[in-house]
Each structure stands twice: as structure tokens, then as C-alpha cells.
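Okay, here's what each chain looks like letter by letter:
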Amino acid sequence: MPSPSAIEFSGVQKWFGTNHVLADIDLAIAPGEVVVIVGPSGSGKSTLIRCINGLEAVQQGTVTVDGRRLTAKGGELAAIRRNVGMVFQAFHLYPHKTALENITLAPINVKRVPREQAESEARALLERVGLPEKAAAYPAELSGGQQQRVAIARALAMQPKVLLFDEPTSALDPEMIKEVLDVMKALAHTGITMVVVTHEMGFAREVGDRVVFMDAGHIVEQAAPERFFSAPANPRAQLFLSKILAH
Amino acid sequence: MTDLGWLFNRGTLTFLAGGLGVTLELAAIAIAISFVAGIVLALARLSRWHVLRIVATIYIEGMRALPLLLVIFFAYFALPRIIGVKLDPFTAGAIALSAFTAALVAEIVRAGILAVPKGLLEAAASQGLSPAQILRIVTLPIAVRQMMPALVAQFVTLLKDTSLTAVIGILELTRRGQIVFAQPPFQPIPVFALLALIYFTANFGLAQAGRRLETRTL
Amino acid sequence: MDWSVLGENAGLLAQGLLVTVEVSALALLLALGLGVIVATLRVAPSAAPRRIGAAYVEFLRNIPLLVQLFFLFFALPSIGIKLDAFVCGVLALGVYTSAFVAEAIRSGIAAVPKGQLEAGLSGGMTYPTAMRLIVLPQAIGKTIPPLGNTTLNLIKNSSLVSTVSVLDVLGTANLLGARSFQYVPMFAGAAICYLILTLPTAYAVNVLEKRYAR
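Keep in mind that what you see is a predicted model, and the values were worked out from it rather than measured.

## A few points about the environment of F90 of chain B
Step number 1: The topology assignment puts F90 of chain B in helix α4 (residues 89-114).
Step number 2: Apart from residues no more than four positions distant in its own chain, F90 of chain B is found in contact with V22, E25, L26, I29 and I170 of chain B.

The following block contains the structure:
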């Protein structure tokens, strides 16, 4: 019996008004796989991963996570979301909570983990992202890179099976990108399923199991990183790579 | 007018201080009620349910279009005829101030809620928090911080507005001032100077306290 | 409840409405005139006029309008100044509101980036010219919403003149309510009168706000 996909898109269509943002998406991601989604801006990358935890609803087709279909129903949706962590481009840390409270908020309120246990787990997570001394700091007191590492710890606190990254380094100053990518690289080796939208081609090549290239709402090409970066088959992928690697 | 012993004596000052007490009590009650009712009204106006939204909108816009003095007169003279229960002036005044200010607070709260970045709500939702939890743990605390300046300004207005309840006979500060200058030696100007000083100090104090609260919570 | 009193006294209420309009319009003129002067003080380049302007605004804003109105009506006669109740109403309302007008204009001017004034000055303009040609035109858009709200509040606040026996809408409704013991219909009638004034004003403010929101 083949092991079920961690995430599966089947015949997915989505429009924003007349704009066809996701077209004929079929995509299966295996447990533990690290998939990097690349493509020009406006190609539908972010919309695609936002469908995986129901932040966007699809109009046709199905998205399943861990064999469970994402339907826009309250209780069941929340149950699926517990297993899918998300890291945003703009961090979105709760400004009125400390780093530690940001991390413990969901375990305490959603999973009903006792406060003490949640806090000791949160401290361990802060250790893991290299910020053990920032537990009591508020987001406004942290640099962008530190905020994003706390946000990763926050996403991990729910012990998700899947982690989504929506351009996690795009809002960061260049000198802070590495510290976030290092944390992500370490995570990739733990066996968690990761879907990453990014412009960091180095990361894609080094860490990704598979690169998915999107353009104008379509998945145009998908391949192992070494093949995609050395010999892309699709002309639009070739054009995209020539532009982005010229920098 | 040189000898102000008639004003600055223990009896008169105690009488006026009692008026300030009533003023502050009235303001405190109305602030508490209008704050809670304002949040409920704002949530109703932002609700997904049509009926709730329409009812809240009519209430808020209607109240905002009417003079407070009319609402006070209505609460004291007309409301008892509708509900069949006689209201003493203090109760009627508290109802009117609360009902009126709640509509204004509701608009402040609504603006505060709408100003909470959408991404924060998505972050909370993506962790499996329920809509009610998101509202309680994320939206409202952040919204309240953002709307502190407007809220404090509204409560300064409310403190001034309590003076209007003098017209239905509540013995608050303004009404007691009237009583004092209506007695010998019939000198209103020193009484008004004192009233002005007291109101100014109370409002200025409230505004300062609000500012301190702002800097502490931000 | 006898709603027929409302029909019988519609003419009197309409007269009251006219008085409310008169009080509001005259007070608004006074408030705009004084408000512009005080706002000028508040953005003056030297500290002394700025301080005087700030004191004026803070003093008037922090003392209840009713106290200010009662001062004109009850206290001034004790030093020989006897003013008609209507005049007291217009004066109190106009002066009180001028503080809010001044604040609206000042915040509008403050919202124009400082570099705009500096660009004008460094181009050789005098301070008043740079204000008139560069800063004020940009400030108008930002001033419209708060000025609109101030006008709405002025119309509603005009009801306070009823406390010194002016027969505006509220004064008339109150009098007729007491005479007929039909408070509910009379106050409902008064509410309709105020809505007739405030809802179109609110609508006009919205339209202006959108037009100037750039």
C-alpha cells in the first residue's frame, strides 16, 4: 500500500474576480518532503500555500492534508490547521505578547496544554531557533530576523506535521536572511513536511527535495533541484532563472 | 467681592465637593457601561448577521445624530411612560449618558478593530484558534491599545457632559454651583470661576492619566 | 400616548427648528472666525502666541459648555452686562466651538509635511506667503473631516440654549411636553427635527471627505 500524501491538490481552480490565480493544480507532496515553490511574483505561489491551511478557499477541485479534505467548516478546519504551521513574510507576531507568550498562546488555548509545560516547551523551541535569551522580549524589541525566528518557533509549538513558509525572508534586511535560512535548513533535516515559497535559490538548491515552478497560476515545471537549476525544460522557467540568477 | 468667606467656608465647600463626587460617580458609571455596551454594539455592527448589523447601525447612527440633552430629557420624562417605571433623576441621567456615549464608543471600537492587521488574524487562525478566541486574545487587546487616545478624549467629553444632568435636577457639581450663587450674597462670578477650575482640573487629570496609560500599554 | 399633539403643534416645532438653525448658523460663523484666528496663533513661528492659542483651546475645551453658557446668562448680569438669552446662546456656542475649529485647522496644518513649508521659505517666500500658497491649500483636505464633525456637534450642542429659556426645537418640545404631558410624541418630534438637520450635514461631510481624500 502506497503511503498517503501529506498534502494533495487535485484539479484545483481558483479565481480572484476574473483573475485565474490557480489553474488545474495537481500536486502531491509526500510526508517529510521539502518542496520549494518558485516563480515570478503574481504567479499564484502564495495563494497555493495559503490553500493548504484554508486561509484561501478553492472554487473547484480538492485539497487534502493528511488524508483530510479541507472544507471551509469551522471545527474541522481548526483541527486540520493544528497540524499545519505557517510562517508569514511579515512575521505577524502578536505585538502585545512577549516572545514566550507568542509561542505558548496556541498550545495553551487550543490544545489545552498546562501553562508550565507549554512554557518549558516554548523555552526549548527558543533554544532551537537560537534565541533563548529573548523569552521576555516583545516583538517590537526584536530585529526582523529575530522576529521571524520566534515566528518559526511559534509555528513549531503546535507540533505540526506540515510547515508552510510564505516568503519568510523577503521582508528581511540582507544580513538577517542567513540566520532565518539556517533555522529552516536545520528543520528540513528533522523529517517534517515543508512547503516553502521563496526567492532564495541557494536554499532551494541546497535543501529542497523538489522545486515547483509556477507561472500565471499554472504549475509549469517540477523537478529535483539540480535538474531544475542546471537544465530547466520549460522556456518560461529558463527566462525566470536567467533573470533571477543574473543578480 | 473682596471677602469670599461666603464661598470658601467649610459648609459650602463640602456641599460643592459632594457635587464633584456625584459628577465623578455618574461619569464612572457611564464610562463603565458605555465601554462594555460600545464593544457589544461595535461587534454587532461588524457581525455577519444582517439583522444584527442593521439594528446596531440604526442605533449608533441615530444616537450620533441626536443631542445628548434630548436623550437626557427623554430618559427622564418620556422613558418612564414607555416602560411604566418611574426613574429617579440619577438613574435616568446614568441611562442617558451611557446609552448616548455607547454609540460613540462603538464607532471608536469599530475603527480600532478594523485597524488590526489582517495578517495577525490569519496567524491566529492558522494555529487553529477559534473565531471567538481570536477576538478575545488577539483582536480586542490590540484594538483597545490602538484606540486609547480616542477613548480618553471621549471620556473627557463624557465628564463634561455630566453637567447636562443638572437640568433634570441631579445635584452634581454644576447644579450645586447654581444653588450656591442663588443664595446671598448672590455673586455668581466667583462660583463660576471655582466650577471652571474644578472641571478643568478633573478633565486635565483624566487626559493626563489617559496619556500615561497609553505610553504604558504601547 | 396621544400622537395627535404632534400634528397640532407641528407649526410651533417648525418655529423651534428655525431658531435652532439661526443659533447654529450664527454660532458657526463666530466659531469659524475665532477658530481661524486662534489656529493662526497656534502655528505662529514664535512661542508666545502659540502658548496663548494653546491656553485658549485647553481652557474652553475642558470646561463644560453648559457652565460657559450659564456664566454668560447668570453671572455677567452681576457686573452689569445683561445679554439676551439668544445672544448668550450664540456667544457661548460660538466661542466654545471655536476651540475645536482651531484644533481641527491646527492638526490639518500639522499634517502637511514640514519640508513643504521649508521648500517655500527656501524659495524666498515670506512665512505668511508660504503658508497661504503652499501649506494651507494642502491642509484643507485634512481639515474637512474634523471640521465636519465639529459642525455636527455644534448643531447638537445648540440644544443647550433651551436651558436658558430659548425656544429652539428642544425648548419647544420640552414646553409642549410639560403642558400636554405627552412627552413621548413631543420628544419624538424633536428627534425628527434634529435628524432633518444632522443627517444631511453628516452626508455632506462624507461627500466632502471623499472629494478631498487624496
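## Remarks on the pairing of strand β10 (residues 218-223) of chain A
All names here are of chain A.
Step number 1: Bridge count for strand β9 (residues 210-215) against β10 is 5 bridges, and the pairing is antiparallel. Bridge pairing in β10 links V212 to Q222.
Step number 2: In textbook terms, the turn of a hairpin is the stretch between consecutive antiparallel strands, and for β9 and β10 this stretch comprises 2 residues, one of which, A216, has a positive phi near 50°.

## Notes on the sheet that holds strand β5 (residues 68-69) of chain A
Pairing between sheet strands relies on hydrogen bonds along the backbone, with the strands arranged either parallel or antiparallel.
Residue and element names in this part refer to chain A.
Step number 1: Sheet architecture is open: 4 strands sit in the order β2-β1-β4-β5, paired in antiparallel fashion. Looking along the sheet, the strands with just one partner apiece sit at the ends: β2 (19-29) and β5.
Step number 2: The sheet contact formed by strand β1 (residues 7-16) and strand β4 (residues 60-65) spans 5 bridges and is antiparallel. The residue of β4 that forms the bridge with Q13 is Q60.
Step number 3: Relative to the sheet, helix α1 (residues 45-52) contacts β1, β2 and β4, its axis offset from that of β1 by approximately 125°.

## A closer look at the sheet that holds β9 of chain A
All names here are of chain A.
Step number 1: An order of β6-β7-β8-β3-β9-β10 is seen for the 6 strands of this open sheet, with the pairing classed as mixed. The open sheet has two edge strands, β6 (84-87) and β10, and neither has a second partner. Strand-to-strand twist of the sheet, defined as the mean angle between neighbouring strand axes without regard to direction, takes the value 20°.
Step number 2: Sheet topology places strand β7 (residues 162-166) next to strand β8 (residues 193-197); 5 bridges connect them, and they run parallel. Note on β8: the bridge partner recorded for L164 is V195.

## Examining the packing of aromatic side chains
Step number 1: Within this structure, the stated rule accounts for 15 aromatic pairs over all chains.
Step number 2: Centroid distance F73 of chain B to F77 of chain B: 6.0 Å. Interplanar angle 35°. Geometry classified as tilted. Residue F73 of chain B and its partner F77 of chain B are both found in helix α3 (residues 68-83); the two are separated by 4 residues, about one turn of the helix.
Step number 3: Looking at F77 of chain B, the relative accessible area reads 22%, which means it is partly exposed.
Step number 4: Relative to F71 of chain C, the ring of F192 of chain B lies with its centre 5.7 Å away and its plane at 85°, an arrangement referred to as edge-to-face. Taken together, the residues F192 of chain B in helix α8 (residues 188-217) and F71 of chain C in helix α4 (residues 65-75) connect one chain to another.
Step number 5: Residue F192 of chain B is classed as buried on the basis of its relative accessible area, which comes to 4%.

## With respect to the side chain of T198 of chain C
Step number 1: Residue placement: T198 of chain C occurs in helix α9 (residues 183-212).
Step number 2: Polar side-chain contacts of T198 of chain C include one of 2.9 Å to the backbone oxygen of A65 of chain B.
Step number 3: If we ignore the near neighbours within four places in the chain, the residues touching T198 of chain C are A65 of chain B together with L152, I155 and K156 of chain C.

## Observations regarding the nonpolar core
Step number 1: Counting residues in hydrophobic clusters, the biggest one holds 143 residues, and the most contacted among them are F9, I37 and I52 of chain A.
Step number 2: Sort the elements by how many residues they give to this core and α4 of chain B lands first, with 14 residues.
Step number 3: Ignoring anything within four residues of it in the chain, the contact list for F9 of chain A reads I25, D26, L27, L48, C51, I52, T62 and V63 of chain A.
Step number 4: Among the nonpolar cores identified, the runner-up in size contains 50 residues, and L125, L131, L172 and V183 of chain A belong to it.

## Here we look at the pattern of salt bridges
Step number 1: Here the structure, examined in full by the defined rule, presents 19 salt bridges over all chains.
Step number 2: Across the pair K118 of chain B and E122 of chain B runs a salt bridge, and its minimum N-O distance is 3.5 Å. Within this pair, K118 of chain B and its partner E122 of chain B are both found in helix α5 (residues 118-126), separated by 4 residues, close to a single helical turn.
Step number 3: What makes K118 of chain B exposed here is its relative accessible area of 60%.
Step number 4: You can call E122 of chain B buried: its relative accessible area is 12%.
Step number 5: With its nearest N and O atoms 2.7 Å apart, the salt bridge here joins R106 of chain C to E103 of chain C. Here R106 of chain C and its partner E103 of chain C are both found in helix α5 (residues 85-110), 3 residues apart, which amounts to about one turn of the helix.
Step number 6: A relative accessible area of 23% means that R106 of chain C is categorised as partly exposed.

Reading the values: rules and limits
- The numbers attached to residues start from 1 for each chain and follow its sequence in the written order.
- Both sets of labels track the order of writing: A upward for chains, 1 upward for ligands.
- In keeping with the model being predicted, local features are shown solely for residues with a pLDDT of at least 70 and side-chain atom pairs are shown and tallied solely at 80 or more, while totals for entire chains, interfaces and linings include all residues.
- Side-chain metrics in this entry use all non-hydrogen atoms of the structure; hydrogen atoms and water are not considered.
- Each helix is a run of H or I in the DSSP string that is no shorter than four residues. Each strand is a run of E no shorter than two, and both are numbered from the N terminus.
- In this description, contact between two residues means that some pair of their heavy atoms is separated by no more than 4.5 Å.
- Pairs of strands are assigned from DSSP output, requiring at least two bridges between the strands.
- Only C-alpha atoms enter the line fits that serve as axes; for helices the fit covers just the stretch in contact. Angles between N-to-C directions range over 0 to 180 degrees.
- Note on ring pairs: Phe, Tyr and Trp rings are taken, using the six-membered ring of Trp, and paired if centres are within 6.5 Å. Classes follow the plane angle, with under 30 degrees stacked, over 60 edge-to-face and the rest tilted.
- The rule is simple: take the accessible area with a 1.4 Å probe, protein chains only, and divide by the maximum for that residue type; under 20% is buried, over 50% is exposed, in between is partly exposed.
- Counted as a polar contact is a pair of N or O atoms within 3.5 Å, where, for protein atoms, one must be capable of donating a hydrogen and the other of accepting one, and residues adjacent in sequence contribute only when both atoms are in side chains.
- What makes a nonpolar core is a set of buried Ala, Val, Leu, Ile, Met, Phe, Trp, Tyr and Cys residues whose side-chain atoms join them at distances within 4.5 Å.
- Salt bridges are identified by distance alone: a Lys or Arg side-chain nitrogen within 4 Å of an Asp or Glu carboxyl oxygen.

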